[in-house]
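Chain by chain, the residues:
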Protein chains: 2
Amino acid sequence: MGYSNASGDTDFRNAIIQMLNFKRGMRLSADEIFITRGSQMAMYLSAQCLLRKGDHVVVENPGYKPAWQAFKSAGAQILPVGVDNEGLIIEDLKLLLENYGSIKAIYITPHHQFPTTVTLSLPRRLELVTLSNKHGFTIIEDDYDNEFHFGQRPILPVSSFENAENFIYIGTMSKIVAPALRLGYLAASRNLIAQVTELRKIIDVQGDNIMAQAVLQLINEGHIKRHLRKATLHYKNKRDFFEKVINQHLSEKVNFHKPEGGLAFWLTPKQETNLSKIAVKLLDKGIQIISPQDFSFDKPINGLRLGYASLNEDQLEYGIKMISSLL
Amino acid sequence: MGYSNASGDTDFRNAIIQMLNFKRGMRLSADEIFITRGSQMAMYLSAQCLLRKGDHVVVENPGYKPAWQAFKSAGAQILPVGVDNEGLIIEDLKLLLENYGSIKAIYITPHHQFPTTVTLSLPRRLELVTLSNKHGFTIIEDDYDNEFHFGQRPILPVSSFENAENFIYIGTMSKIVAPALRLGYLAASRNLIAQVTELRKIIDVQGDNIMAQAVLQLINEGHIKRHLRKATLHYKNKRDFFEKVINQHLSEKVNFHKPEGGLAFWLTPKQETNLSKIAVKLLDKGIQIISPQDFSFDKPINGLRLGYASLNEDQLEYGIKMISSLL
């Protein structure tokens, strides 16, 4: 119940390392992990310690804006790179490297790209690591929903690649237990973890060690494992149902692919539409969608990210019908 | 259990406002309060939003270094002002104002100054508010242990003064419930609270609303009030016992005054001594004291801050005897 160490409860850190090393192919030791209050704090701390004013940080476009805010708050300049059906477009990244000479970091969500849900292909992963090593930029890998993958085989993080030299790997418990549970982690070099630890003392002294011990108990007693098994099956069925409903009511109006994991679909209307206006109309009917503005770098992007995890089948079908009537 | 607003649970914020307005003489409305993870985060957020690179921030010397770190991390330059038996020396502050032209803020612990435990006198409080209004600097008031005051009458915060124009008032629940409970608050202008809210979203999205609801229940059911009544009496008795023991074993070697509140004594050895060396020797005997380096701006300060709250009578007496044998 007292003051304790800033990098997080030791037992909990060990449990996370075990999980990352055995399930996600990483090779971390105890001083390469740091417990944060969710993935946002992991990004803020990384950004403050890694970046200097004027540094260039490449991001996916469309992408996850709250992360960009963390980089901007450290004085970085954001450079967007497009995303296609294999994920981040490496050729665009190469162009940026040519034009800007050097970049400091790239922020990616390769497992299920936010918001397009695309999984970064293996050839591109390999190329990205090669470029990172050659140019010395850090790969900031946000693996925010690693747990929910429905494909046949697991896809290992870019940070787990044996030749990956500069990475910051970020994960969270928010999607497993509850968003209000602010418990995440970052894995990085000893040196960065040491800097992050000093900064954390200045920001909020320490994390929530009581909560960490509680979650550790859930892990040790097998509850998390059982919950994940049940939840993954539950979400897989829901994803399949959602696909069916989209095919029924929307297939003529949108392009989409069935996501291999994550808790959302990405729909791109076949015709350019003003999705911001549609978002307002949907809200009138009780349906809230993320405004496309929320993940586009400059001009609004013609795409809809629809989360399905917290809705029941009737709600999902109602939502799709309403969207169909407005497109 | 979901995502929620960044400025803190609404009911809990209202409860804190009620307490500050009714017990501490403040006049706050709902958008002038913000719930943080302890007082350190309140200082970090305030510093980041209030200060720009090169701004001058005056601090008490000796004082609370973790706060200084927060100001430094925002690029501020720290200027120390001495403390005597009436608290912060206003004449020294005036000299700084003359020499530096303007200062942006002053950080104070007026209730029970850290580490000297001195209460800032009323004339000096009045003068400080006048200077703040005249020169436009912000008073950052850290009232970290307001609850534990044993004097006859309550002493109201500087921030509660009717003419105080620029203040940031910081409080915490760490001393009431537990240090591991990271729950604090800051009260300031609407404008600053709005900035702090935006920054908080980037740092860690939101606070611990589940914990806030739990503590709110303790407040509403009267448990906190009863606990405080009991704890205050308990600590008052312990303070009186500690005074007795110091008088018995140390009165020839140190100067001290009986603190009116807080959970520590401040002892100044009558002869200059190397307290850092003594701290090391004490640690060998199982006694941990804060090194004088931890609260002095430059050269080590000839003073000992001894916390008594978590020790029993035997431990307190043993500790004082050991210190006496080394001084």
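For every chain, the first residue of the written sequence is number 1, and numbering continues from 1 onward in sequence order. Key to labels: chains lettered from A, ligands numbered from 1, both in the order written. Side-chain atom pairs in this predicted model are given and counted only at pLDDT of 80 or more, local residue features only at pLDDT of at least 70, and totals for whole chains, interfaces and linings cover all residues. Excluded from the side-chain calculation are hydrogens and water; included are all heavy atoms of the structure.

### As for the domain arrangement of chain A
All names here are of chain A.
Now for step 1: Domain annotation for chain A reports domain 1 (10-221) and domain 2 (225-326).
Now for step 2: Considering only the surface of domain 1 that becomes buried against domain 2, Thr 117, Phe 148 and Phe 150 emerge as the three largest contributors, covering 33% of it.
Now for step 3: We count a salt bridge whenever a side-chain nitrogen from Lys or Arg sits within 4 Å of a carboxyl oxygen from Asp or Glu. Applying the counting rule to domain 1 against domain 2 returns zero salt bridges.
Now for step 4: Two N or O atoms count as a polar contact when they lie within 3.5 Å, although within protein this holds only if one can serve as hydrogen donor and the other as acceptor, and sequence-adjacent residues are included solely when both atoms are side-chain atoms. Here domain 1 and domain 2 share 10 residue pairs in polar contact (both at pLDDT 80 or more) between them.
Now for step 5: Only runs of H or I of at least four residues qualify as helices and only runs of E of at least two qualify as strands under DSSP, and these elements are numbered from the N terminus. Elements supplying a minimum of two residues to the side of domain 1 that touches domain 2: α3 (65-73) and β3 (77-84).
Now for step 6: Grouping the constituent residues of the side of domain 1 that touches domain 2 by class yields 12 nonpolar, nine polar and four charged. Note that the domain bounds reflect an automated or database-derived domain assignment. The term buried area refers to how much accessible surface (probe radius 1.4 Å) is lost by two components on association, counted for both of them together. Each residue gets one of three labels, nonpolar for Ala, Val, Leu, Ile, Met, Phe, Trp, Tyr, Cys and Pro, charged for Asp, Glu, Lys and Arg, and polar for the others, Gly among them.

### Overview of the pattern of salt bridges
Now for step 1: Per the stated rule, a full pass over the model turns up 25 salt bridges over all chains.
Now for step 2: Where A:Arg239 meets A:Asp240, a salt bridge forms, and the shortest distance between an N and an O atom there is 3.3 Å.
Now for step 3: In this structure, the salt-bridge partner of B:Arg200 is B:Asp204, at a minimum N-O distance of 2.5 Å. With B:Arg200 and B:Asp204 both in helix α6 (residues 190-204), this residue pair falls four residues apart, about one helical turn.
Now for step 4: Only protein chains enter the accessibility calculation, which uses a 1.4 Å probe; a residue is then buried when its area is under 20% of its type maximum, exposed when over 50%, and partly exposed in between. According to the relative accessible area criterion, B:Arg200 is buried, its value standing at 0%.

### Things to note about the interface of chain B and chain A
Now for step 1: Contact with chain B, which involves 26 residues of that partner, is made by 26 residues of chain A.
Now for step 2: Interface area, chain B with chain A, both sides summed: about 2,300 Å², of which 63% is carbon and sulfur.
Now for step 3: Linking chain B with chain A are zero salt bridges, by the criterion used here.
Now for step 4: Counting only elements with at least two residues in the side of chain B that touches chain A, the list comes to α2 (38-50), α3 (65-73) and α6 of chain B. Any pair of residues with heavy atoms lying within 4.5 Å of one another is described as a contacting pair.

### A few points about the relation of the copies chain B and chain A
In summary, the two copies of the chain are related to each other by a rotation about an axis coupled with a shift along it.
Now for step 1: With an axial shift of 0.0 Å and an RMSD of 0.0 Å, the rotation relating chain B to chain A amounts to 180°. Here the two chains are linked by the operation of a two-fold rotation axis.
Now for step 2: Most of the interface of chain B is mirrored in chain A: 100% of its interface residues are interface residues there too. Least squares is the method used to superpose the copies, on C-alpha atoms of residues holding a pLDDT of at least 70 in both.

### A closer look at the sheet that holds strand β3 (residues 77-84) of chain B
Residues and elements named next belong to chain B.
Now for step 1: Spatial strand order, β1-β8-β7-β6-β5-β2-β3-β4: eight strands in an open sheet with mixed pairing. Two strands lie at the open edges of the sheet, namely β1 (33-36) and β4 (87-88), each paired on one side alone.
Now for step 2: Bridging between strand β5 (residues 105-108) and strand β6 (residues 138-142) involves four bridges; their strand directions are parallel. Residue Ile 106 lies in a different strand from β6, and its bridge partner there is Ile 139.
Now for step 3: Helix axes are fitted only over the stretch in contact, all axes being lines through C-alpha atoms; the angle between N-to-C directions runs from 0 to 180 degrees. The strands touched by helix α4 (residues 90-100) within the sheet are β2 (56-61), β3, β4 and β5, with β3 carrying the most contacts at an inclination of about 155°. A pair of strands is treated as paired once DSSP finds two or more bridges between them.

### Some remarks on the nonpolar core
Now for step 1: Judged by nonpolar contacts, the single largest core of 70 residues is most densely connected at A:Ile16, A:Leu20, A:Leu93, A:Ile106, A:Leu128 and A:Phe137.
Now for step 2: Sorting elements by how many residues they give to this core places helix α8 (residues 223-250) of chain A first, with nine residues.
Now for step 3: Lining this core are residues from two domains, each supplying at least three of them: domain 1 (10-221) and domain 2 (225-326) of chain A.
Now for step 4: Those residues within four positions of A:Leu128 in sequence are excluded, and the remaining contacts are A:Leu88, A:Ile90, A:Leu93, A:Ile106, A:Ile108, A:Leu120, A:Phe137 and A:Ile139.
Now for step 5: Throughout, nonpolar core names a set of buried Ala, Val, Leu, Ile, Met, Phe, Trp, Tyr and Cys residues whose side chains join them through atoms within 4.5 Å. In terms of nonpolar packing, the next biggest core, distinct from the first, is built from 69 residues, B:Met26, B:Ile103, B:Tyr169 and B:Val215 among them.

### Here's the deal with the side chain of B:Arg305
Residues and elements named next belong to chain B.
Now for step 1: Tracing the chain through its elements places Arg 305 in strand β11 (residues 304-307).
Now for step 2: Although Arg 305 is buried, it forms no salt bridge, and the closest oppositely charged side chain is Asp 145 at an N-O distance of 5.2 Å.
Now for step 3: Within polar-contact distance, the side chain of Arg 305 engages the backbone oxygen of Pro 115 at 3.1 Å.
Now for step 4: Every residue in contact with Arg 305, bar those within four places of it in the chain, is listed here: Gln 113, Phe 114, Pro 115, Thr 117, Tyr 144, Ala 264, Phe 265, Trp 266, Ile 290 and Phe 295. All tallies of charge rest on Lys and Arg as positive and Asp and Glu as negative; His and the ends of each chain are not included.

### So, a positive patch on the surface
Residues and elements named next belong to chain A.
Now for step 1: Side chains of Lys 23, Lys 225, Arg 226, Arg 229 and Lys 230 sit close together on the surface and give a patch of like positive charge.
Now for step 2: In terms of residue count, α8 provides more of the positive patch than any other element does, four residues in total.
Now for step 3: Positionally, Arg 226 belongs in helix α8. Two distance rules govern patches: like charges are joined within 9 Å, and nonpolar side chains (Val, Leu, Ile, Met, Phe, Trp, Tyr) within 5 Å, applied only to residues with over 30% relative accessible area and no salt bridge. Exposure was quantified through the Shrake-Rupley algorithm and a 1.4 Å probe, taking into account, for residues, occlusion by the shown protein chains and nothing else. To locate a charge, take atom NZ for lysine, CZ for arginine, CG for aspartate or CD for glutamate.

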